[in-house]
Amino acid sequence: MQMRTGLRAAAFMVASMTLGSAACAGEHLFDSGFDHRAEGPYSQADAARFLTQATFGPTLAEIERLRAIGYNSWLAEQAAAAPSLHRPYLEAQAAAGLNIYQNSRQEAWWLHALRGPDQLRQRVAFALSELLVVSDQGGAIEGYPIAMANYYDILVNNAFGNYRSLLEQVTLSPVMGHYLSMFKNRKPDPVLGIRPDENYAREIMQLFSVGLVQLNMDGSVVSAGGQPVPTYGQDTIRGFAHVFTGWNWANCPSNNWQWCPSGPVDWPDSGWDAYWLQPMAPMAAYHASEGSKQLLVYPGVALPGGVLAAGGSAQSDLQAALDNVFDHPNVAPFIARHLIKRLVSSNPSPAYVGRVASVFANNGLGTRGDLGATVRAVLMDPEARTLPTLDSHRGKLREPLLRLTQLWRALDASADDGRYREWNPEFSFAQGALRAPSVFNFFLPDYRPPGELANLGLDAPEFQITTDTTIASVAGALGAKVFWAWRGNPGSSSEDILVDLAPELPVAADPRRLVDRYDLLFMARTMSPFMFDTLVTYLATFPNTNDGRRSRVQNAVWLIQSSPEYAIER
C-alpha cells in the first residue's frame, strides 16, 4: 500500500506540471513525395508517440512498421486506404435478421476504431464527430441507428476532404436536420405565428466554423477597447435562420410539406427509411425568399454573400451562406485549434495554431479547407513531433474512450465472433461515439477546471468529464478489462471482448522488460524513473509462475492506465 501511495503521489506531481500547450505546417497529405528530408521516427518512442496521436493506439507491430517506412510513407498509405464505413455493418446485421438499435452502431465504431486499416481517417472522423456533433441522446434521431451510422460515414469519407464540402453534406443531412431542427424549418407566416427556427443558424456559426469572437490567424482573440470583438449578432442569426428554410425529405412532392407523401408526419410510406440516407431537398414554397438576409462580415475582408438580396432560392441562398461561412477568416484558426486539441495538445501555442491555420487557408496548391493537408500539418509540426518538457505546460488529458481503445489495441482484444458488444461505454467512460449529452460535445473546448490550471490560464477540456465518479468508474472499468476479461478465463463467454495475455507472459518473466514494454506501448517511454522503478519493484513481488506472470501483466497494465502520469498524454 505504501508503494502504491508513493507512485500515485509522484504521478500527480508530474501530471500537475505537464498539461498545456504545444507542432511547422506540412505539405499535402496525399503527396508522398513532398518531403525529402530525413523524417523519422528516430526511435520506438517517437513512433509510439506519433501513433498515439494519429491512431486509436499503438501496437508493437505498427511501431516497427512505422519505423521501417517513415512518417511520409505512412501518411501516404493512410491517405490512400479505402474508408472503413459504418453503415454497411448495420445493414449486414439487418440482412442477417438481427434487430438494429444504437448498440449495433456502437459495435461498428469499435470494430473500425480497433481493427480499421484506415486508422488516421477513423481518428480524424472521431475528432470531427466532436465538432460537428449529433447525438443519439436527442430523441429526434435516437431511433434511427442506420441513419446515424450514415452520418458518421459522412465524417469518415470527408476526413481528408474539403471542409466546405463537409459542411454542406452535414448541413443537408436529415440527421443533422432533425437534431438541430433545420428539417422542415419554414419561412415566416405571421398569420400562423411562425418564424424561422434559429437553432442551426446559431450552431453552424458558434460551434462548426467561426465561434463567438473574431480571431487572428494564430487563434488569438481580436479585441477593441479591451473587449473581444463579437463575430456576429442577432441580425446575422436571423439572416441565417431565414436562409435555412424550405428543406424537407428528398422525396416530398412540391405541393406536400407536412405529409410525405401520405403517412404519419415525417414518415414517407414507401421505403421511408431510405430518405434518412439522402440529402434533404428544397421546397420553394416554404423558403424565405422575401427580404434581404444579413450574413457574416469581417472588417477589411470581402466575404461572399454579406447581405443576400431578396429573391434567392433555397439552393442559391444555402450555397451563398455556406460560402460566406467557409471564407470567414476565423474558420482556419478555429478548425486548426480543434484538430490540434483533439490530436495533440490542449493548449497549442499561437505559432502552432498559425502554422496549421495557414495550411487550412492554402494547402500550397491554392486550395482552402483541405483537411488532409491540415491534419498532416497538425501531426508533422515540430511542436507535435518534439516531446515536451515537464515544465512546458504542453500535452492533454487522455479522453476516457481513447484509453480503452489503446488498451484493446495493445493487447489485441476481440470476441470469438469478431463483434464488439461494448454497447454503453458512457456508463463507465462518460463517452460513446455520437453520444454526447448535447451539441456542445462531451466537454467545452476552452474549459478550465478551477484551481491551478485556471490560475495558469490553461485549457483542459477533458477535465470537464473528470469527476470523482468518472475517475473511479474509468479506473474500475479498465481494471475489469484486464483482470477479468482475458482470453482463457474460464468465467468468460464467447461474446465477451477479451484481451490476449498469452504473448505477454514470456516478457513478464522479467519485470523490468515488462515495464519497458508498456512504457513504450502506453506512454511512448515518457514514464518517470521513479514510476518505472516502483513498478518493477512491485511486480517482482509476484512469483515467476504462469499465474504470477499473468498477475504481473494485469497489474502493470492497470497501474499504468490508472496513473496520472499516463493520464496526461505528452
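As a starting point, this report considers the structure included with it.

Basis of the calculations
Residues numbered from 1 in each chain as written. Predicted model: local features only at pLDDT ≥ 70, side-chain atom pairs only at ≥ 80, totals over all residues. Heavy atoms only, no water. Phe/Tyr/Trp six-rings, centres within 6.5 Å; stacked < 30°, edge-to-face > 60°. Helix = DSSP H or I, 4+ residues; strand = E, 2+ residues; numbered from the N terminus. Buried < 20%, exposed > 50% of the residue type's maximum accessible area, 1.4 Å probe, protein only. Lys NZ or Arg CZ within 6 Å of the ring centre and 35° of its normal. Core = buried A, V, L, I, M, F, W, Y, C linked by side-chain atoms within 4.5 Å. Contact = heavy atoms within 4.5 Å.

What to know about the packing of aromatic side chains
Part 1 of the reasoning: On inspection of all chains with the given rule, the structure shows 21 aromatic pairs.
Part 2 of the reasoning: Note on Phe50 and Trp74: the rings are 5.3 Å apart at their centroids and 85 degrees apart in plane angle, and the pair reads as edge-to-face. Placement of the pair is Phe50 in helix H2 (residues 44-54) and Trp74 in helix H3 (residues 60-80), with a sequence separation of 24 residues.
Part 3 of the reasoning: On the basis of relative accessibility, which here comes to 0%, the residue Phe50 falls in the buried class.
Part 4 of the reasoning: Its relative accessible area of 1% is what places Trp74 among the buried residues.
Part 5 of the reasoning: Here Trp408 and Tyr420 contribute two aromatic rings whose centre-to-centre distance is 6.5 Å and whose plane-to-plane angle is 45 degrees, an arrangement assigned as tilted. In this pair, Trp408 is assigned in helix H18 (residues 400-410) and Tyr420 in the loop between H18 and helix H19 (426-429), connecting sequence segments 12 residues apart. Taken individually, Trp408 and Tyr420 each receive the classification buried, so the pair is uniform in this respect.
Part 6 of the reasoning: These aromatic residues form a ring-pair network of at least three members: Phe56, Trp109, Trp110, Phe126, Trp408 and Tyr420.
Part 7 of the reasoning: Stacked on the ring of Phe326, the Lys or Arg Arg368 has its end atom at 5.4 Å from the ring centre.
Part 8 of the reasoning: Seen from the ring of Tyr566, Arg398 lies directly overhead, with NZ or CZ sitting 4.1 Å from the centre.

Overview of unusual backbone geometry
Part 1 of the reasoning: Residue Gly40 is joined to Pro41 through a cis peptide bond whose omega torsion reads 10 degrees.
Part 2 of the reasoning: Summarising the element assignment, Pro41 is placed in the loop between helix H1 (2-18) and H2.
Part 3 of the reasoning: A positive phi is found at Arg525, a non-glycine position, where the angle reads about 55 degrees.
Part 4 of the reasoning: Along the polypeptide, Arg525 turns up in the loop between helix H22 (511-523) and helix H23 (529-539).

So, the nonpolar core
Part 1 of the reasoning: Residues Phe50, Leu132, Tyr151, Tyr163, Phe208, Tyr518 and Phe522 are the most contacted members of the largest nonpolar core, which totals 153 residues.
Part 2 of the reasoning: Beyond its immediate chain neighbours, meaning those up to four positions away, Phe208 contacts Leu131, Leu132, Val133, Tyr163, Leu167, Met176, Leu180, Tyr200, Glu203, Phe334, Ile335 and Val439.
Part 3 of the reasoning: Within the second largest apolar cluster, 5 residues are counted, among which are Leu90, Ile100, Ala108 and Ala149.

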